[in-house]
Amino acid sequence: MTEAATETGSAHPTRYRDRDRMPRAGTAVWLTRYADLASARAARPMRAARRWGHRLPPVVWDSLLPALLLLHIMTTHAPHELPVALALTAAIALPLVWRRRAPLTTFGAVAAAAFVQWLMDVQLPADIALLVALYTVAAHSGRRGTLVAGAIVESGALLACLRWATDGAFLTPFVAVTAMVVAAAVLGANVRTTRAYLAALKERAARLEQQQDQQARLAVAEERTRITREMHDIVTHNLSVMVALTDAAVYAQHRSPAKATTAMLQISETGRQALTDMRRSLGILRTDEPDAERHPLPGITQLAALADQMCAAGLPTRVEVQGGHTHIPATAQLTVYRLVQEALTNTLKHTPIDTHARVRVLCSTETITVDVTDSGPHPSLPGATPSGHGIPSMRERAAAYGGTLQAGPLPGGGWRVHTRLDLGSSGAASA
């Protein structure tokens, strides 16, 4: 039992030590967060240096390579070689300061100075300026300029390798220099292509933004026209009815007070209906207006009430609706209602008292035919039409559904307004 107890007692420290050696999840998470924090702190100076570098003008960066080349010449050449080397380096490298302003001129100056260097048989590290000038030409000039500059640099590389190749090893340095020439030209061409692509994208974005602004202005104009047309129909119709009822009430106030009272009540009801219609039409523009949801848009079903209103105003009207209209969209039904309303309003304003009106609406699957006729006398001049905005407004409404409005006098007397709406036309979507 003592040995068992000893073994049991020695087992617990072993398990404890094993547990301490196991990696803990909390430690791993802490190490990950510490590494992220350290990388973020290390990236701050780089971002600050990058922002500071973007603030510097380009001429400062273009002056950096000539300064380094001149410093290299001053620290590596002997005093008796320094004047010639320093002058040639300055002639080759200093034009790079103006490489962005005049790339072709800069390349010509650098190439001429490098040719003088070759004639004087002096090897300098400033020859790298030729690659920089070639890159600049490829990045800012066209394909022809790049090819000419590349051919000049390649000719210089050939001459340099023929003169300064050691131990007859011509092919290896020439291939290496040619590769650098091609790389500089290709890199500059890629930069030019990328710059042109970004410019095209910016132009396209600006053009799309302009088109969107134009479409928004067109939409605003169309909405303004729609609201104006709607207000015209509502105000003109209801005011015409109210004027007719008022005249009737004045005429009947002494002979038949009951009829005068009925006419006055009808005037009041017409005014309330006009206010409701205006509030509903303008309430569509406001999201917090409840009347736009409480009152549905008038449609074919309300033509009977419209006929009763016209009868009360002194224009006996009969409405005939053939075919089912439950499948017709609400906007199309509103168009039919406004067409009939405007036609009857014109009849009420421009015809004598004993005129009768008839409305026929034929509904099918794809079309709606509206025909409004009256028995009033037509204008004396052939082809004359009533002035005002009524008929143009009706033409606009019919055109929204691919229809053409026909309005004119009948051969036997009277006036007719006829149109046919196409429910499947493309204009129906924008109505």
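Up top is the structure.
These notes cover the structure that comes with them. (Residues numbered from 1 in each chain as written. Predicted model: local features only at pLDDT ≥ 70, side-chain atom pairs only at ≥ 80, totals over all residues. Heavy atoms only, no water.)

### Overview of helix α11 (residues 303-312)
Thought 1: Those residues of α11 that sit buried are Leu303, Leu306, Ala307, Gln309 and Met310. Along the long axis of α11, the arc covered by the buried residues comes to 160°, so they all point the same way.
Thought 2: Of the residues flanking the end of α11, it is glycine 314, one or two places downstream, whose phi is positive at about 105°. (Buried < 20%, exposed > 50% of the residue type's maximum accessible area, 1.4 Å probe, protein only. Helix = DSSP H or I, 4+ residues; strand = E, 2+ residues; numbered from the N terminus. Arc of directions from axis to C-beta.)

### Focus: the packing of aromatic side chains
Thought 1: Considering all chains together, one arrives at 2 aromatic pairs under this definition.
Thought 2: Geometrically, the ring pair formed by phenylalanine 170 and phenylalanine 174 is stacked, given 5.3 Å between the ring centres and 15° between the ring planes.
Thought 3: When its relative accessible area of 27% is taken as the criterion, phenylalanine 170 is described as partly exposed.
Thought 4: Overall, phenylalanine 174 belongs to the buried group, its relative accessible area being 18%.
Thought 5: The lysine or arginine in question, arginine 163, covers the ring of tryptophan 118, its NZ or CZ lying 4.1 Å from the ring centre. (Phe/Tyr/Trp six-rings, centres within 6.5 Å; stacked < 30°, edge-to-face > 60°. Lys NZ or Arg CZ within 6 Å of the ring centre and 35° of its normal.)

### What about a nonpolar patch on the surface?
Thought 1: Side chains of Val84, Phe115, Val116, Leu119, Met120, Leu158, Leu159 and Leu162 sit close together on the surface and give an oily, nonpolar patch of about 680 Å² of accessible area.
Thought 2: Those elements giving two or more residues to the nonpolar patch turn out to be α5 (103-119) and α7 (143-164).
Thought 3: In this structure, valine 84 sits in helix α4 (residues 82-93).
Thought 4: Judged by relative accessible area, valine 84 falls into the partly exposed class, the value being 38%. (Patch = residues over 30% accessible without salt bridge, like charges linked within 9 Å, V, L, I, M, F, W, Y side chains within 5 Å. Areas by Shrake-Rupley, 256 points an atom, 1.4 Å probe, with all protein chains shown as cover. Salt bridge = Lys/Arg side-chain N within 4 Å of Asp/Glu carboxyl O.)

### What to know about helix α3 (residues 58-76)
Three- or four-residue spacings in an α-helix give side chains the same orientation, since the helix completes a turn every 3.6 residues.
Thought 1: End to end, α3 covers 28 Å across 19 residues, agreeing with the expected 27 Å (1.5 Å per residue, within 8%).
Thought 2: The largest bend along α3 reaches roughly 25° and is located at leucine 64, with the proline proline 66 sitting one to four residues downstream.
Thought 3: Residues of α3 that are buried include every one of Asp62, Pro66, Leu69, Leu70 and Ile73, and no others.
Thought 4: Where α3 is buried, its residues touch α4 and α6 (128-140). (Expected span 1.5 Å × (residues − 1). Bend = angle between axes of the 7 residues up to and from the residue. Contact = heavy atoms within 4.5 Å.)

### Remarks on the packing of α6 against helix α8 (residues 171-252)
Thought 1: Between α6 and α8, the shortest axis-to-axis distance is 7 Å and the interhelical angle comes to 30°. Taken together, the axis directions place α6 and α8 in an arrangement best described as roughly parallel. The hand of the α6/α8 crossing is right-handed. Together, Leu131, Leu134, Tyr135, Ala138, Ala139 and His140 of α6 and Met180, Val181, Ala184, Ala185, Leu187, Gly188, Ala189, Val191, Arg192 and Arg195 of α8 make up the contact between the two elements.
Thought 2: Among the residues making up the contact of α6 with α8, the classes are represented as 12 nonpolar, 2 polar and 2 charged. (Axes fitted to C-alpha atoms, helices over the stretch in contact; angles between N-to-C directions. Parallel < 35°, antiparallel > 145°, perpendicular 65-115°, else oblique. Left-handed = near helix turned anticlockwise from the far one by under 90°. Nonpolar A, V, L, I, M, F, W, Y, C, P; charged D, E, K, R; others polar.)

### Observations concerning the side chain of threonine 351
Thought 1: Considering the arrangement of structural elements, one finds threonine 351 in the loop between α12 (330-350) and β2 (357-363).
Thought 2: Aside from chain neighbours lying at most four places away, what touches threonine 351 is Asp374 and Gly376.

### Notes on the nonpolar core
Thought 1: With 36 residues, the main nonpolar core has Val336, Val340, Leu344, Ile368, Val372 and Val417 as its most contacted residues.
Thought 2: Sorting the residues of this core by element identifies α8, α11, α12, β2, β3 (367-374), α13 (390-399) and β5 (415-422) as the ones contributing at least two each.
Thought 3: If one sorts the elements of this core by residue count, α12 sits on top with 8 residues.
Thought 4: Among residues more than four places away in sequence, those in contact with isoleucine 368 are Ile328, Ala332, Val336, Val361, Leu362, Cys363, Thr419, Arg420, Leu421 and Leu423. (Core = buried A, V, L, I, M, F, W, Y, C linked by side-chain atoms within 4.5 Å.)

### Thoughts on the side chain of aspartate 374
Thought 1: You can see aspartate 374 is positioned in strand β3.
Thought 2: Arginine 416 is the oppositely charged side chain nearest to the buried, salt-bridge-free aspartate 374, at an N-O distance of 10 Å.
Thought 3: Engagement of the side chain of aspartate 374 in a polar contact is seen with the side chain of threonine 347, the distance being 3.1 Å.
Thought 4: For aspartate 374, the contacting residues outside a window of four places in its chain are Thr347, Thr351, Thr355, His356, Ala357, Gly413, Gly414 and Trp415. (Lys, Arg positive; Asp, Glu negative; His and termini not counted. Polar contact = N/O pair within 3.5 Å; in protein donor to acceptor, adjacent residues only side chain to side chain.)

### Overview of the sheet that holds β2
Thought 1: As summarised here, the arrangement of the 5 strands in space is β1-β2-β3-β5-β4, forming an open sheet in which the pairing is mixed. Unpaired on one side and paired on the other, β1 (317-322) and β4 (406-409) mark the two borders of the sheet. Adjacent strand axes in the sheet meet at a mean angle of 10°, parallel and antiparallel pairs treated alike.
Thought 2: Judged from the 4 bridges that link them, β4 and β5 form a sheet pairing that is antiparallel. (Pairing = 2+ DSSP bridges.)

### Considering the pairing of β1
Thought 1: For β1 and β2, the ladder comprises 6 bridges, and the chain directions are parallel. Within β2, the position partnered with glutamate 320 by the bridge is arginine 360.
Thought 2: The handedness of the β1 to β2 crossover, carried by α12, is left-handed. (Right-handed = clockwise from strand over helix to strand, strands pointing away.)

### A look at the pattern of salt bridges
Opposite charge on two side chains permits them to pair, given that their charged atoms come into close proximity.
Thought 1: For the structure on display, the rule yields 4 salt bridges.
Thought 2: The partner of arginine 358 in a salt bridge is glutamate 320, and the shortest N-O contact between them spans 3.2 Å. Within this pair, whereas arginine 358 is found in strand β2, its partner glutamate 320 is found in strand β1, the two being separated by 38 residues in sequence.
Thought 3: Here arginine 358 falls in the partly exposed class, since its relative accessible area comes to 31%.
Thought 4: Aspartate 371 serves as the salt-bridge partner of arginine 416, at 3.0 Å between the closest nitrogen and oxygen. Note that arginine 416 is positioned in strand β5 and aspartate 371 in strand β3, a separation of 45 residues in sequence.

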